[in-house]
Amino acid sequence: MRGALATALAVALLAVLTLGGCASWTGPQTAALRAQPPPGLAPQVELRTVPFIAQTPLHCGPASLAMVLQHIGRDVGADALAEAVFLPARGGTLQAEMLAGARRHDALGLRLAPSLETLLREVQAGRPVVVLQNLGLSLAPRWHYAVVVGFDVAREEIVLRSGLVERETMSWRTFEHTWARAGHWAMVALPPGQLAAGGDERSTLEAALAFERVAPATSAVRVYQSVLARWPDNLVAAIGLGNSRAAAGDRAGAISAFAAAAARHDSAVAWNNLAMLRWQQGDRAEARVALARALRRVDQAEPAFADAVQATRRTIEAAPTR
């Protein structure tokens, strides 16, 4: 009994020293921000209009997601989200379900880089950030989602919607400690047409592709347009824009998108899709021109698309010549 009590007291003491005090430990990101505040970072920001939803112990994930979705105008509550994202067998909500839950409500769910500066810049851009923290120990984790809504550079504090507290302040040092133990996981939920201030090309494109699979085609169009506005040489986004416009019934817009992608990248996929759309529009001559370019690209550099291009060729060649 005494041994068990001693062990429990040791664990409790370690928790106090690790979480509550952190007196002898300053994380590298906090130290970097303290040594040289990033240029352009406001001294103080707080997004006071972000709604507050009190979090129950098991539904902190749905409540956090509901707060950021309501902030961008989505009419969804924590209870409705819990039915979709809460996993009873896990006793909580996985990060992948949080991102998927945003997409199901016409929002681009995007994971942020594991950077405290990136997190602060998103808040400065007006976007609350959902973060995952471990408020326990590495050996005895206590996972918790919260929403970052503000920061104060001089005080080295971060402002959270957390648990039952509408405005919880936490030192950068303590926050980084709890955040690091949860893998520095953070996400934003963006309305179609907006991108994260610090989002990189690869993660943004992955989020856009996942969004396209479940979102209305018109929303996917706006997402791909925003991706191309930032990264105009992204071929996957250019193809996604054409496909989304076609799915939305905008055949002329899809033709324009594929023609631009074909001209810019000389892509077999772009030429192939352009050929099929032009054929469907009745422009048989230009469809054959695009098909010839697709066949040449397959022969020269892109054999992986041979089956798709050959299927288009059979369709076009089966039509009577006018």
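About the criteria used
- Sequence order as written defines the numbering, with residues in each chain counted from 1.
- At least 70 in pLDDT is required for a residue's local features to be given in this predicted model, at least 80 for side-chain atom pairs to be given and counted, and no such filter applies to totals for whole chains, interfaces and linings, which use all residues.
- Side-chain measures were taken over the full set of non-hydrogen atoms in the model, leaving aside hydrogen atoms and water.
- A run of H or I in DSSP counts as a helix once it spans at least four residues, and a run of E counts as a strand once it spans at least two, with each numbered from the N terminus.
- Think of it in three bands: with a 1.4 Å probe and only protein chains considered, a residue is buried below 20% of the maximum accessible area for its type, exposed above 50%, and partly exposed in between.
- Any two residues whose heavy atoms approach within 4.5 Å are treated as being in contact.
- When the centres of two rings from Phe, Tyr and Trp lie within 6.5 Å, Trp using its six-membered ring, the rings pair. Their planes under 30 degrees apart give stacked, over 60 give edge-to-face, and anything left gives tilted.
- Salt bridges are defined by distance alone: a side-chain nitrogen of Lys or Arg within 4 Å of a carboxyl oxygen of Asp or Glu.
- One requirement defines pairing of two strands: DSSP has to find at least two bridges between them.

### Concerning the overall build of the protein
Within the protein, the regular secondary structure consists of 14 helices and seven strands. Buried positions account for 48% of the 322 residues belonging to the protein. For the protein, the share of sequence-separated contacts (at least 6 apart) that also reach a separation of at least 24 residues comes to 62%.

### Looking at the packing of aromatic side chains
Under the counting rule described, the total for this entry stands at two aromatic pairs. Here Tyr145 and Trp185 contribute two aromatic rings whose centre-to-centre distance is 5.9 Å and whose plane-to-plane angle is 75 degrees, an arrangement assigned as edge-to-face. With Tyr145 in strand β4 (residues 143-152) and Trp185 in the loop between α7 (172-180) and β7 (186-190), this residue pair connects regions lying 40 residues apart in the sequence. By relative accessible area, Tyr145 is classed as buried at 4%. Judged by its relative accessible area of 3%, Trp185 is buried. Taking 5.5 Å as the distance between ring centres and 25 degrees as the angle between the ring planes, the aromatic pair formed by Phe175 and Trp179 counts as stacked. Of this pair, Phe175 and Trp179 both sit in helix α7, separated by four residues, roughly a single helical turn. In terms of burial, Phe175 and Trp179 fall into one category: buried.

### Overview of the pattern of salt bridges
This structure, assessed with the given rule, holds 13 salt bridges. Where Arg121 meets Glu117, a salt bridge forms, and the shortest distance between an N and an O atom there is 3.0 Å. Taken as a pair, Arg121 and Glu117 lie in helix α6 (residues 116-124) at a separation of four residues, close to a single helical turn. Judged by its relative accessible area of 24%, Arg121 is partly exposed. A salt bridge links Arg278 to Glu286; its shortest N-O distance comes to 3.7 Å.

### Thoughts on unusual backbone geometry
For Asp106, which is not a glycine, the phi torsion comes out positive at approximately 60 degrees. Within the secondary structure, Asp106 sits in the loop between α5 (95-103) and β2 (108-111). By relative accessible area, which is 21% here, Asp106 ends up partly exposed. Non-glycine residue His184 carries a positive phi angle of around 55 degrees.

### Description of the environment of Leu235
Structurally, Leu235 can be placed in helix α10 (residues 235-247). Residue class for Leu235 comes out partly exposed when judged on its relative accessible area of 29%. Separated by 34 residues in sequence, Leu235 and Val269 have C-alpha atoms that sit 9.8 Å apart. Residues in contact with Leu235, not counting those within four places in the same chain, are Ala261, His265 and Ser267.

### Examining the pairing of β7
The buried count for β7 comes to five of five residues, which makes it a mostly enclosed element. Alternating positions in β7 separate into two faces, Ala186, Val188 and Leu190 on one and Met187 and Ala189 on the other, with burial throughout. With four bridges joining them, β2 and β7 adopt antiparallel strand pairing. Along β7, the bridge assignment pairs Gly109 with Ala189.

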